[in-house]
Amino acid sequence: MMLIDPHIHASSRTTDDYEAMRDAGIVAIIEPAFWLGQPRTSVGTFQDYYSSLIGWERFRAAQFGIRHYCTIGINSKEANNEPLAEQVMELLPLYAAKEGVVAIGEIGYDDQTPAEDRFFRAQLELAKELSLPVMIHTPHRDKRSGTSRSMDVCLEHGLAPHQVVVDHNNEETVREVLERGFWAAFTIYPKTKMGNERMVEVVRQYGCEHIIVDSSADWGVSDPLAVPKTARLMLERGIPVGHIETTCYHNALAAYGQSGQIKESDWLNPQAIDQRLLFEGNSVLRGQQPKIEETLPRGVTIE
């Protein structure tokens, strides 16, 4: 079974994670721009970070057989530094139109401050201008009202529900998100928020339409194999295979495929892995023997 993890902060993960993800069936990932765990202090740090998402990290993932895409935006926490956020807004169009950028995100609310609202709305307008989908970060506090407000604001700005992925859902928010026609994504963490057992029951109750499973794995306690582990548990618990494929692969491809930047042929007809390749003179290796393979399209075998 081919899988997509449509929300993982791969910059904070190791090469071992990439190898394990590929072995577990993950063929593609989407890395949303987010904060570092501490405030950035200058616009140049954003510039370097965005450059890494469309450059080095895309290369690094490919060296382990995974297609890497990203979303570009100002995270809600960072929007509260208004002078800095204003400078970053000037950068966003330069990066959001680059190859491999599949959405504006992750954007939305954290503490639901006026500054967060201001830059959320500005980025929705940018998404409209560039005809890109939007990835919404719903707040961890007061989640239900923040989720409703996020959808209201998207509609106010003329985005159709099918253009918006509302992430970090739980049992409290899923019904409204689905009833309003938005994509409902779920972040699967090992011990908090949505665990994979709870995710199984959500799919059992609501079916598979417009539901997306992701890991949001980052520098904190998280699991880059959350999607394959959830898919496996769904299978063990009797969820139909078609529902698993839809929530762990097809829906992400449909939602972010609206960008025109991600398509199935990217990994069905992959380039061969050649770890002799360099990115701006740099390698993923540290003296190891480079891996070089002749890669066949998935599902093709040699007699």
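Positions within a chain are numbered from 1, following the residues in the order the chain's sequence is written. Residue-level local features of this predicted model are given only where pLDDT is at least 70; pairs of side-chain atoms are given and counted only at 80 or more, and the full residue set underlies all totals for whole chains, interfaces and linings. Water and hydrogen atoms were dropped before computing side-chain values, which therefore reflect all heavy atoms in the structure.

Caption draft 1: View of a nonpolar patch on the surface. Among the surface-exposed residues, Met1, Leu235 and Val241 lie close enough to one another that they form a single nonpolar patch of about 280 Å² accessible area. Positionally, Val241 belongs in helix H10 (residues 241-256). We call a residue buried when its accessible area falls under 20% of the maximum for its residue type, exposed when it is over 50%, and partly exposed in between, using a 1.4 Å probe and counting protein chains only. The exposure class assigned to Val241 is partly exposed, which follows from its relative accessible area of 40%. Candidates for patches are residues over 30% relative accessible area with no salt bridge; among them, like charges are joined within 9 Å and nonpolar side chains (Val, Leu, Ile, Met, Phe, Trp, Tyr) within 5 Å. Note on areas: these come from Shrake-Rupley sampling with a 1.4 Å probe, and a residue is covered only by the protein chains present in the view. Salt bridges are identified by distance alone: a Lys or Arg side-chain nitrogen within 4 Å of an Asp or Glu carboxyl oxygen. Note on conventions: DSSP H or I runs of at least 4 residues are helices, E runs of at least 2 residues are strands, and numbering of each starts at the N terminus.

Caption draft 2: Main features of unusual backbone geometry. Between Gly105 and the following residue, Glu106, the backbone shows a cis peptide bond with an omega angle of -10°. Within the secondary structure, Glu106 is located in strand S4 (residues 101-108). Of note in the backbone geometry, Ser131 takes a positive phi value of approximately 55° without being a glycine. For Ser131, the location among the structural elements is in the loop between helix H5 (114-130) and strand S5 (134-137). For Asp142, which is not a glycine, the phi torsion comes out positive at approximately 55°. Residue position: Asp142 is located in the loop between S5 and helix H6 (143-156). Classification of Asp142 as exposed rests on a relative accessible area of 55%.

Caption draft 3: Representation of the packing of aromatic side chains in the model. Between the rings of Phe, Tyr and Trp (Trp by its six-membered ring), a pair exists once the centres lie within 6.5 Å; its type follows the angle of the planes, with under 30 degrees stacked, over 60 edge-to-face, and the other angles tilted. Taken as a whole and assessed by the stated rule, the structure comprises 11 aromatic pairs. Here the aromatic residues Phe46, Tyr49, Tyr50 and Tyr95 are joined through ring pairs into a cluster of three or more. Positioned above the aromatic ring of Tyr49 is the side chain of Arg40, whose terminal nitrogen or guanidinium carbon lies 4.4 Å from the ring centre. To sit over a ring, a charge needs its Lys NZ or Arg CZ within 6 Å of the ring centre and within 35 degrees of the ring normal. One cation-aromatic arrangement involves Lys77 over Trp35; the distance from NZ or CZ to the ring centre is 4.6 Å.

It is worth stressing that arrangement in space is one thing and function is another; only the former is reported here.
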